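# Summary of the model geometry
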Amino acid sequence: MQELRINEQRLWDSLMQMGEIGATAKGGCNRLAGTDLDKQARDLFVSWCKEAGCDITVDKIGNIFARRPGKNNDLPAVGTGSHLDTQPTGGKFDGVFGVLSGVEVLRTLHEQNIETPTAMEFSVWTNEEGSRFQPAMQGSGTYVGRFDLATELDKTDVNGIRLGDELDRIGYLGEADMGSRHLGAFFETHIEQGPILEDEDKMIGVVRLGQGIRWYNIEVEGRPSHSGTTPMHLRKDAMLAASLIVAEIEAIALRHDNGLGTVGFMQVYPNSRNTIPGNIKFSGDLRNPVPEVLATMHEELLTFCDKVAEQKNLTINVDPFWYFAPVEFNASNDVKAAAEKLGYSHMDIYAGAGHDACYMADLVPTGMIFTPCLNGISHNEAEYSSPEQCAAGANVLLHTMLEASERIANEFKK
Ligand SMILES: [Zn+2]
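The notes below deal with the structure included here.

Conventions used here
- Residues numbered from 1 in each chain as written.
- Predicted model: local features only at pLDDT ≥ 70, side-chain atom pairs only at ≥ 80, totals over all residues.
- Heavy atoms only, no water.
- Phe/Tyr/Trp six-rings, centres within 6.5 Å; stacked < 30°, edge-to-face > 60°.
- Helix = DSSP H or I, 4+ residues; strand = E, 2+ residues; numbered from the N terminus.
- Buried < 20%, exposed > 50% of the residue type's maximum accessible area, 1.4 Å probe, protein only.
- Lys NZ or Arg CZ within 6 Å of the ring centre and 35° of its normal.
- Polar contact = N/O pair within 3.5 Å; in protein donor to acceptor, adjacent residues only side chain to side chain.
- Contact = heavy atoms within 4.5 Å.
- Axes fitted to C-alpha atoms, helices over the stretch in contact; angles between N-to-C directions.
- Parallel < 35°, antiparallel > 145°, perpendicular 65-115°, else oblique.
- Left-handed = near helix turned anticlockwise from the far one by under 90°.
- Nonpolar A, V, L, I, M, F, W, Y, C, P; charged D, E, K, R; others polar.
- Donors = N, O, S within 2.8 Å, 3.2 Å for Na, K, Ca; no water.
- Expected span 1.5 Å × (residues − 1).
- Arc of directions from axis to C-beta.
- Core = buried A, V, L, I, M, F, W, Y, C linked by side-chain atoms within 4.5 Å.
- Salt bridge = Lys/Arg side-chain N within 4 Å of Asp/Glu carboxyl O.

## With respect to the packing of aromatic side chains
Within the structure shown, the criterion is met by 12 aromatic pairs. A centroid spacing of 6.4 Å and a plane angle of 45° characterise the contact between W215 and F321, whose relative ring orientation is tilted. Of this pair, W215 sits in strand β7 (residues 212–221) while F321 is found in strand β13 (residues 315–324), placing the two residues 106 residues apart along the sequence. Relative accessible area serves as the criterion here: at 33%, W215 is assigned to the partly exposed category. Summarising the aromatic geometry, the rings of W322 and F324 are spaced 6.1 Å apart at their centres and angled 35° between planes, so their arrangement reads as tilted. Judged by its relative accessible area of 7%, F324 is buried. Aromatic rings pair up to connect F147, W215, F321, W322, F324 and Y359 into one cluster. For R107, the ring lying beneath its charged end belongs to W48, and the centroid distance is 4.7 Å.

## A few points about the side chain of T126
Mapped onto the elements of the fold, T126 is located in the loop between β4 (120–124) and α4 (138–143). With a relative accessible area of 1%, T126 lands in the buried category. Side-chain polar atoms of T126 contact the backbone oxygen of I61, separated by 2.8 Å. Among residues more than four places away in sequence, those in contact with T126 are R42, I61, G62, N63, Q138, G139, L163 and L167.

## Side note on the packing of helix α1 (residues 8–19) against helix α2 (residues 36–51)
Packing of α1 against α2 leaves a shortest axis separation of 10 Å and a crossing angle of 150°. The angle between the axes of α1 and α2 places the two elements in the roughly antiparallel class. α2 is crossed by α1, and the crossing has right-handed handedness. Residues S14, Q17 and M18 of α1 lie in contact with α2, whose contacting residues are A41, L44, F45 and W48. Along the lines of polarity and charge, the residues of the contact of α1 with α2 split into 5 nonpolar, 2 polar and no charged.

## Topic: the coordination of the zinc ion
At 2.0 to 2.3 Å from the zinc ion lie its protein donor atoms, namely H83 (NE2), D94 (OD) and H190 (NE2). Counting the intervening residues between successive donors of the zinc ion yields the motif H-x10-D-x95-H. With D94 in the loop between β3 (77–82) and α3 (96–111) and H190 in strand β5 (residues 183–191), this residue pair connects regions lying 96 residues apart in the sequence. For the pair formed by D94 and H190, the shared burial category is buried.

## What to know about α1
Here α1 is 12 residues long and its end C-alpha atoms lie 17 Å apart, about the 16 Å a rise of 1.5 Å per residue gives. Among all positions in α1, only L11, W12, S14, L15, M18 and G19 are buried. One side of α1 holds all its buried residues, which, seen down the axis, span an arc of 160°. The N-cap residue of α1 is N7: its side-chain oxygen and the backbone nitrogen of Q9 are 3.1 Å apart.

## Describing the nonpolar core
With 59 residues, the main nonpolar core has L15, M18, F45, L100 and F187 as its most contacted residues. Per-element accounting of this core gives the leading share, 11 residues, to helix α12 (residues 387–413). Not counting residues up to four positions away in its chain, the partners in contact with M18 are R31, A41, L44, F45, W48, L84, V96 and L100. Core analysis: the second largest hydrophobic core is formed by 25 residues, V207, I349, A351 and F370 among them.

## Structural notes on unusual backbone geometry
Q134 connects to P135 through a cis peptide bond whose omega is 5°. Examined against the element boundaries, P135 turns out to sit in the loop between β4 and α4. In the segment running from Y269 into P270, the intervening peptide bond is cis, with an omega of 5°. Phi at N113 takes a positive value of approximately 55°, unusual for a residue other than glycine. Mapping N113 onto the fold places it in the loop between α3 and β4.

## A few points about the packing of helix α8 (residues 238–255) against helix α9 (residues 291–312)
Here α8 crosses α9 at 155°, and the two axes come no closer than 10 Å. The orientation of α8 relative to α9 falls into the category roughly antiparallel. Regarding α8 and α9, the two cross each other, and that crossing is right-handed. Judged by residue contacts, L240, A241, L244, I245, E248, I249, I252, A253 and R255 of α8 engage M297, E300, L301, F304, C305, V308 and K312 from α9.

## Details of the pattern of salt bridges
Under the counting rule described, the total for this entry stands at 23 salt bridges. The partner of R67 in a salt bridge is E121, and the shortest N-O contact between them spans 2.9 Å. Within this pair, whereas R67 is found in strand β2 (residues 64–68), its partner E121 is found in strand β4, the two being separated by 54 residues in sequence. Of the residues examined, R67 reaches a relative accessible area of 21% and is grouped as partly exposed. Across the pair R181 and E121 runs a salt bridge whose closest N-O atoms are separated by 2.9 Å. Note that R181 is positioned in the loop between α6 (163–169) and β5 and E121 in strand β4, a separation of 60 residues in sequence. No difference in accessibility class separates R181 from E121, as the two residues are buried. Ionic contacts of the salt-bridge type, sharing partners, join the residues D36, R132, D157, E166 and R169 into one network.

Such coordinate-based values are descriptive only and should not be taken to indicate function.
Laid out in structure tokens, this is it:
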């Protein structure tokens, strides 16, 4: 088993073959959830898994599970999976690489006739991208119970077409209930979608944490007045207060390790050159992978806004309307052990974007394996990972799953 490796060329050929479904002129992919192209990609995945001896189950939100039996099929299985849908101008690797790494693991086990201690399951999650239907990570989020099934099936695209109807039309509205799989661990391989691994010259990222996010709507209410006749000390300038808060959001991010802060949206009223702005609405976005640190950043923002309101004698409303808690990947030690065993350079890293594995971590010990991508570019047709980088990720997935299967079987012996 130590010597076992996936087939680099076969993995690459499969990635390229899948990339032809929805291929764009610039070398990327446009394969939105629930479309005919999504069906073709799913059909190809299913045919590959059946060829390698799997049984297929589809659940009520279209998630696909291909199961390869093990020695003791009463034990919880080891799962892996990602998504086949893409952004409208997406690449060939985001999501697809995770799914096809699983297929390559499956083929390797199948051709070598290896009986694993537990069953293994290879999955495709519906609508991870959140492009045609919202929210993102819809299939996995519904599977783990974060979202209500009926509500999600009723979600419509810009043309008013229901997700449930599209799944039915393409033949992937299944029978299995949410949360139906008996899993003991879950792993997802994914391109990093950022520049860190490439910059640090590391082959594998052991993902320890998934970034937490806090979103705010901030409104400053001052007083609009003439910019030529109102002395500076008598103004209630909403722009000035907003500017101080924008600068503070950067300062908060810089004060904390791995902190990020962004203001990407602003509406100025009345938005006129010679009127002091009376009302400004803008967005705030704070991120950190450590729950306590994100909580501190949150408090600092609220305190600062109160201070500015008092000093500048105007009203500031802060609505912290969305919180996505940081995710801890409890099975990341299995990933690290596999990377070390295989001799790949590696580093601990956190996930800046959302992934299906972030939701699976609600249910079972979960781990993520990151591989580098060229210039850190993703959600872009130019997205690229080399055959060697893809093979490294799939090899780590193979040995991580073998390790986890062994561990689960041992735990149940006791
Ligand atoms: Zn993805």
